[in-house]
Amino acid sequence: MKQEFRKYRETGKRLTMLTAYDAGMAALLEQAGVDIILVGDSLGNVFQGADTTRVVTMEQMEYHIRAVRAGAPHTFIIGDMPYRTYETADEAVANARRLRTAGCDAVKLEGYIKGIVKAVTDAGIPVCAHIGLLPQTAETFTVRGKEEDEKIRFQAEAEELQREGAFMTVIECTSSALAKDISETLSVPTIGIGAGNACDGQVLVINDLLGMKEKKGAKFVRRYAELHSVITNAVRSYIGDVRSGNYPSEAESYR
C-alpha cells in the first residue's frame, strides 16, 4: 500500500486522510472510502478534553488503534507515537512495535531526530514524518516557515527524513509556498494540514470536519457538516419528550 501512495503523483489522484479514535467512526470512514485513517494523539484534545496532546500515553494509543482497526479492517491506518516515546532509537523501535501490534500499518513521528526514522524503518515498520508546526512540542500555535532560516531547516529536515526512509510526510501549518517547495523536492507524498493546496493530499481532524464544536476553529478547517447544532437539538428534543411523557409511546413499548 505504501508504494501505491507514491504512485498517486503519477496519476494525479490526491490522498485523503482523516482522524478516527473509535470503531464506529472508523467504520464510517472506511465505508466512505477515505484512503488513510490517522489515529492521532489529537485524541488528547478531542476524546479526553485536554488542552495538549502531551498527556496521551502509549497504552491509550494502543487502545484506540485496536478500536479503529476493529471498525476499519481494510483501511491503511497510521498511529501517532506519543510525546517523548521516541527519543532514542531503541525506545522508538520498541514503542513502534507496540503500536503495530495494536493494529496500525505505520507510525507517525513529529520532527527530526537524527537516526530515529532510520532505526524504525530498518526494523520493518513504515514511518510517516511530520514537519512544520509540531503540537507535541510547540509553545505557540502559529504559522511556521515564514522566516528564511526556518524555511531552510524544514526543507533540509524533510529531505533527511525521506533519506532515512519515511514513506510520507505531513506538513502542518506552514506557508503554502514552503509546502509547495517541499512537495516538489520530495519523491514521497506530502499530506497538508493548514499548508495550502500543493501537497499530495490533506488531513483533517474528523470532529472539525463534522462541525462538532460551536466555534469554527482554525482558518484551514472546512466544515462539511454542522453536527454541533444537529446533536444538541436532537438531545433537547429527547429531553422534552421524556419530560412530557411523549417518549416512549405505545408503539415504542413492548407487550
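The structure this text deals with has already been given above.
It should be emphasised that the depicted structure is a prediction, and the values quoted were computed from it without experimental measurement.

Engineer: Sorry if this is basic, but what is going on with the overall build of the protein here?
Structural biologist: Counting its regular elements, the protein contains 10 helices and 8 strands. By the compact-globule yardstick of 18 Å for 255 residues, the protein fits well, its C-alpha radius of gyration being 20 Å. The dimensions of the protein, computed from C-alpha atoms along their principal axes, are 70 × 40 × 35 Å. Taken across its 255 residues, the protein has 45% of its residues classed as buried. Long-range pairs, those at least 24 residues apart, make up 58% of the contacts in the protein with a sequence separation of at least 6. Accessible surface computed for the protein: about 13300 Å², of which carbon and sulfur atoms make up 52%. Computing the positive centroid from 31 side-chain charges and the negative centroid from 35, the protein places the two 2 Å apart.

Engineer: How should the pattern of salt bridges be read in this particular structure?
Structural biologist: Once the charged atoms of two side chains with opposite charge are near each other, the side chains can pair. This model, assessed by the stated rule, comprises 13 salt bridges. Across the pair Arg 223 and Glu 226 runs a salt bridge, and its minimum N-O distance is 2.7 Å. Overall, Arg 223 belongs to the buried group, its relative accessible area being 19%. Because the salt bridges share partners, they merge into one network encompassing Glu 59, Glu 62 and Arg 98.

Engineer: Looking at this model, I keep getting lost on the layout of surface pockets. Mind explaining?
Structural biologist: In this approach a probe as big as a water molecule rolls over the atoms, and the regions it shows empty are the leftover space. Empty space within the second largest pocket amounts to approximately 170 Å³. If you trace the second largest pocket, you find it lined by Tyr 83, Arg 84, Tyr 86, Glu 87, Glu 110, Gly 111, Tyr 112, Ile 113, Leu 134, Gln 136 and Thr 137. Partitioning the lining of the second largest pocket into residue classes produces 5 nonpolar, 3 polar and 3 charged.

Engineer: Looking at this model, I keep getting lost on the environment of Ile 36. Mind explaining?
Structural biologist: On the secondary structure map, Ile 36 appears in strand S2 (residues 36-39). Take Ile 36: its relative accessible area is 0%, and that puts it in the buried class. Along the sequence, Ile 36 and Phe 5 sit 31 residues apart, while their C-alpha atoms lie 10.0 Å from each other. If near-sequence neighbours (up to four positions away) are discounted, Ile 36 is found in contact with Phe 5, Leu 15, Thr 16, Met 17, Leu 18, Thr 75, Phe 76, Ile 78 and Met 168.

Engineer: Explain a nonpolar patch on the surface here, please?
Structural biologist: Residues Met 212, Val 230, Ile 231, Val 235, Tyr 238, Ile 239, Val 242 and Tyr 247 make up a contiguous nonpolar surface patch of roughly 670 Å² in combined accessible area. For Tyr 238, the location among the structural elements is in helix H10 (residues 227-244). Classification of Tyr 238 by relative accessible area gives partly exposed; the value is 49%.

Engineer: Help me understand the side chain of Glu 157 in this model?
Structural biologist: Following the sequence through the fold, Glu 157 ends up in helix H7 (residues 148-163). Looking at Glu 157, the relative accessible area reads 14%, which means it is buried. Contacts of Glu 157, omitting those with residues within four sequence positions, involve Tyr 112 and Ile 131.

Engineer: Would you mind going over the state of the cysteines with me for this structure?
Structural biologist: Disulfide: a covalent bond formed between the sulfur atoms of two cysteine residues. Using the criterion set out here, one finds 0 disulfides in the structure. Left without a disulfide partner, Cys 173 is nearest to the cysteine sulfur of Cys 199, which lies 11 Å away. On the basis of relative accessible area, Cys 199 is assigned to the buried category, the value being 2%.

Engineer: Please explain the packing of helix H4 (residues 58-71) against helix H5 (residues 89-102) as it appears in this structure.
Structural biologist: If you want to describe how two helices pack, look at the angle between their axes and the distance between the axes. Viewed as axis vectors pointing N to C, H4 and H5 meet at an angle of 25°, and their least axial separation amounts to 8 Å. It follows from the interaxial angle that H4 and H5 lie roughly parallel. The way H4 lies across H5 gives a crossing that is right-handed. Here H4 contributes Met 58, Glu 59, Met 61, Glu 62, Ile 65 and Arg 66 to the contact with H5, which in turn contributes Asn 95, Arg 98, Leu 99 and Ala 102. The residue makeup of the contact of H4 with H5, split by class, is 5 nonpolar, 1 polar and 4 charged.

Engineer: How should I be thinking about H4 in this particular structure?
Structural biologist: The periodicity of an α-helix, 3.6 residues per turn, causes residues three or four places apart in sequence to face the same way. Over its 14 residues, H4 extends 20 Å from the first C-alpha to the last, a length consistent with the 20 Å expected when each residue adds 1.5 Å. Three or more residues of H4 are buried, namely Met 58, Met 61, Glu 62, His 64, Ile 65, Val 68, Arg 69 and Gly 71. Buried residues along H4 sit against helix H2 (23-32), S2, helix H3 (43-46), strand S3 (76-80) and H5.

Engineer: I tried to follow the sheet that holds strand S4 (residues 106-108) on my own but got confused; where do I start?
Structural biologist: Either a parallel or an antiparallel arrangement is found when strands of a sheet pair, and the pairing is made through backbone hydrogen bonds. Taken in spatial order, the 8 strands line up as S1-S2-S3-S4-S5-S6-S7-S8 and close into a barrel, and their pairing is parallel. Averaged over all pairs of adjacent strands, the angle between strand axes in this sheet comes to 25°, irrespective of strand direction. With 5 bridges connecting them, strand S5 (residues 127-132) and strand S6 (residues 168-172) associate as parallel partners. Residue pairing in the sheet places His 130 in a bridge with Val 170 of S6.

Criteria and thresholds
- Residues numbered from 1 in each chain as written.
- Predicted model: local features only at pLDDT ≥ 70, side-chain atom pairs only at ≥ 80, totals over all residues.
- Heavy atoms only, no water.
- Helix = DSSP H or I, 4+ residues; strand = E, 2+ residues; numbered from the N terminus.
- Rg over C-alpha atoms; globule rule 2.2 N^0.38 Å.
- Buried < 20%, exposed > 50% of the residue type's maximum accessible area, 1.4 Å probe, protein only.
- Contact = heavy atoms within 4.5 Å.
- Areas by Shrake-Rupley, 256 points an atom, 1.4 Å probe, with all protein chains shown as cover.
- Lys, Arg positive; Asp, Glu negative; His and termini not counted.
- Charge placed at Lys NZ, Arg CZ, Asp CG, Glu CD.
- Salt bridge = Lys/Arg side-chain N within 4 Å of Asp/Glu carboxyl O.
- 1 Å grid on protein atoms, 1.4 Å probe; cavity = no way out; pocket = protein on both sides within 12 Å on 5 of 7 lines; lining within 4 Å.
- Points joined across faces, edges and corners; volume = space filled by probe spheres on them.
- Nonpolar A, V, L, I, M, F, W, Y, C, P; charged D, E, K, R; others polar.
- Patch = residues over 30% accessible without salt bridge, like charges linked within 9 Å, V, L, I, M, F, W, Y side chains within 5 Å.
- Disulfide = S-S within 2.5 Å.
- Axes fitted to C-alpha atoms, helices over the stretch in contact; angles between N-to-C directions.
- Parallel < 35°, antiparallel > 145°, perpendicular 65-115°, else oblique.
- Left-handed = near helix turned anticlockwise from the far one by under 90°.
- Expected span 1.5 Å × (residues − 1).
- Pairing = 2+ DSSP bridges.

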